[in-house]
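Listed below, chain by chain, are the residues.
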Amino acid sequence: MEIVNIPRIVSTYRHALHTFDDKFKNELTTNLNKLKTIMDGLRADDLGFDKTLNNPDTWKKSNKAPCTYIEVFQNSQINMSIFVLRPGFKMPLHDHPHMHGLLKVVAGAVKIRSFSEYPLKEAVNEIDFAVRAKHEAARIAQGIHKRRRLFAKVSSDRVCSENSATCMLSPTISNYHEIEALELPAAFFDILSPPYDTLIEGIGPRRCRYYTVANEISTNLVELQETEVPSCFYCDQAPYLGPMLA
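Cut-off values and rules
Residues numbered from 1 in each chain as written. Predicted model: local features only at pLDDT ≥ 70, side-chain atom pairs only at ≥ 80, totals over all residues. Heavy atoms only, no water. Buried < 20%, exposed > 50% of the residue type's maximum accessible area, 1.4 Å probe, protein only. Helix = DSSP H or I, 4+ residues; strand = E, 2+ residues; numbered from the N terminus. Pairing = 2+ DSSP bridges. Phe/Tyr/Trp six-rings, centres within 6.5 Å; stacked < 30°, edge-to-face > 60°. Lys NZ or Arg CZ within 6 Å of the ring centre and 35° of its normal. Contact = heavy atoms within 4.5 Å. Salt bridge = Lys/Arg side-chain N within 4 Å of Asp/Glu carboxyl O.

## Some remarks on the pairing of strand β3 (residues 90-95)
Within β3, 5 of the 6 residues are buried, leaving the element largely enclosed by the surrounding structure. As defined by bridge partners, β3 adjoins strand β8 (residues 176-181) across 4 bridges and the pair is classed as antiparallel. Directly across from Asp 95, in β8, lies its bridge partner Tyr 176.

## A short note on the packing of aromatic side chains
Going through the model one piece at a time under the given rule, you end up with 6 aromatic pairs. Ring centres 5.4 Å apart and planes at 80° place the aromatic pair Tyr 176 and Tyr 211 in the edge-to-face group. With Tyr 176 in strand β8 and Tyr 211 in strand β12 (residues 210-216), the pair connects residues that are 35 residues apart, well separated along the chain. The burial state of Tyr 176 is the same as that of Tyr 211; both residues are buried. Members of the aromatic cluster, joined through ring pairs, are Tyr 69, Phe 83 and Phe 188. The lysine or arginine in question, Lys 64, covers the ring of Trp 59, its NZ or CZ lying 4.0 Å from the ring centre.

## Here we look at the environment of Ser 156
The residue Ser 156 is located in strand β6 (residues 149-161) in this model. Sequence spacing of Ser 156 and His 177 is 21 residues, and the spatial spacing of their C-alpha atoms is 9.0 Å. With sequence-adjacent residues up to four places away left out, Ser 156 is seen in contact with Ile 112, Arg 113 and Ser 114.

## A closer look at the pattern of salt bridges
According to the stated counting rule, one finds 10 salt bridges in the structure shown. A salt bridge links Asp 57 to Lys 60; the shortest N-O distance between them is 3.5 Å. A salt bridge links Arg 149 to Glu 223; the shortest N-O distance between them is 2.9 Å. On the criterion of sequence distance, the pair formed by Arg 149 in strand β6 and Glu 223 in strand β13 (residues 221-227) is long-range, its members being 74 residues apart.

This is the structure:
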């Protein structure tokens, strides 16, 4: 029997589809851990990563955006993509509304500071969520958007490189984070489920919201204030050059 070596990104893609398929939602934790293990082994070459984006001179061009976005795959359940950051650039603090996420650095190194809303809820009660969703839908329908202000606990503050393990976030754990490239260009591959702009029942599309730390209460507790999209954050795009996935 012929032994076929399946590219690691193809294995990642297949298992991501399985992990976030509603038919297997009762096995989510087990499948997430397996997906994390597969992603731990991902390297830039597995993604056909353009090495010119590793060159600091690329980022010195006057018309170069501080971030390059590469879409790897997207459907209604998952988004797989690569972000490349200019040396020293910080992706602003943002949220992932009711989403799971996995992030694997594949080039350079980044500092990731993550927050969980405080007080922490390990799971969202369905009745509580339905009530809040109805209130949110009514508020948006009336054209009211009061910017959020919330307490958050620092859940992670560390440097990750291409040899580091995959980072994970959930709807309640580490759902807010900022990512800063260090002295060299840095790239990370991530999977989000569901993708931004997919519908939250009773509310509307998932929107990425941005925050600033309005108040440092203690070494690991802060107050976050929702803000506008920072003008410094914009992306150009590059093609995905890795193995075909669809």
